[in-house]
Amino acid sequence: MKVSTKGRYGLRAIVDLAAHESEGQVSLKSVAERQRLSENYLEQLFSSLKKSGLVKSIRGAQGGYLLTRPADKITVGDILRSLEGTLCPVECIDPDVPASCDRADECVTADVWAKIRDKINEVVDSITLADLVSELGNKTNNDYIYYI
């Protein structure tokens, strides 16, 4: 499984949002500047995050985005699944995809793929946004968050 730029940049952006949430709603322009990302691209990513219920937007001149739950209640898995969809390494074991393989009953590799899927989900669901923000405090001055 390979995480796309959508997942990587979205995770960076929401960590930035969480790191600056004490300032109130955070504008995408400020996130874009700190992360050196396109504001237009962030708008697309935050649209997915909003649809998933992870962030909410505040309209207006002083508008921006806020987390909908405390950072310790949002996992990396929540974020990646919002942006990437399923985290299955292969389609044939994805519970959201109808069975498409005519060899499913005798497939000897299906268990391998299922174990990989389960371990990926176990790891990303064990790391919270608060964990990443805490780690961030050990690495930067919170003004620039490039290495997430």
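Structure's up top.
Bear in mind that the values here come from a model prediction, so they are computed numbers and not experimental data.

A. Expanded view of the overall build of the protein chain. Within the protein chain, the secondary structure is distributed over 6 helices and 2 strands. Order of helices (α) and strands (β) in the protein chain, N terminus to C terminus: α-α-α-β-β-α-α-α. Dimensions of the protein chain, computed from C-alpha atoms along their principal axes, come out at roughly 60 × 30 × 25 Å. Taking all 148 residues of the protein chain together, 36% fall into the buried category. Put simply, the protein chain shows about 9,000 Å² of open surface, and 48% of that area lies on carbon and sulfur atoms.

B. Seen up close, unusual backbone geometry. Even without being a glycine, Arg36 presents a positive backbone phi close to 55°. Mapped onto the elements of the fold, Arg36 is located in the loop between α2 (28–35) and α3 (39–51). The exposure class of Arg36 is exposed, given its relative accessible area of 66%.

C. How the structure looks around the nonpolar core. In terms of nonpolar packing, the biggest core is built from 30 residues, with Ile14, Leu67, Ile79 and Leu129 touching the most fellow members. Contributions of two or more residues to this core are made by α1 (5–19), α2, α3, β2 (64–67), α4 (76–84) and α6 (129–139). At 7 residues, α1 tops the list of elements feeding residues into this core. Not counting residues within four places of it along the chain, the set of residues in contact with Leu67 comprises Ile14, Leu17, Ala18, Glu21, Leu54, Val55, Ile74 and Leu129.

D. Spatial organisation of helix α5 (residues 110–125). Helix length check: α5 (16 residues) gives 22 Å between terminal C-alpha atoms against 22 Å at 1.5 Å per residue, within 8%. Residues Ala110, Ala114, Arg117, Asn121 and Val124 constitute the buried set of α5. On an axial view of α5, the arc spanned by its buried residues comes to 105°, and they lie on one face. Away from the buried face of α5 by more than 90 degrees, exposed residues Asp111, Lys115 and Lys119 are located.

E. Representation of the environment of Leu129 in the model. The topology assignment puts Leu129 in helix α6. The sequence separation of Leu129 and Ala19 amounts to 110 residues, and the corresponding C-alpha distance is 9.2 Å. In contact with Leu129, other than residues within four places in its own chain, are Ile14, Val15, Ala18, Leu67, Ala71, Ile74 and Ile79.

F. Seen up close, the pairing of strand β1 (residues 55–58). Two elements, β1 and β2, share 4 bridges in a ladder whose sense is antiparallel. Within the sheet, the bridge partner assigned to Lys56 lies in β2 and is Leu66. Linking β1 back to β2 in an antiparallel pair, the connection comprises 5 residues, with Gly60 at a positive phi of about 110°.

Analysis parameters
Residues numbered from 1 in each chain as written. Predicted model: local features only at pLDDT ≥ 70, side-chain atom pairs only at ≥ 80, totals over all residues. Heavy atoms only, no water. Helix = DSSP H or I, 4+ residues; strand = E, 2+ residues; numbered from the N terminus. Buried < 20%, exposed > 50% of the residue type's maximum accessible area, 1.4 Å probe, protein only. Areas by Shrake-Rupley, 256 points an atom, 1.4 Å probe, with all protein chains shown as cover. Core = buried A, V, L, I, M, F, W, Y, C linked by side-chain atoms within 4.5 Å. Contact = heavy atoms within 4.5 Å. Expected span 1.5 Å × (residues − 1). Arc of directions from axis to C-beta. Pairing = 2+ DSSP bridges.

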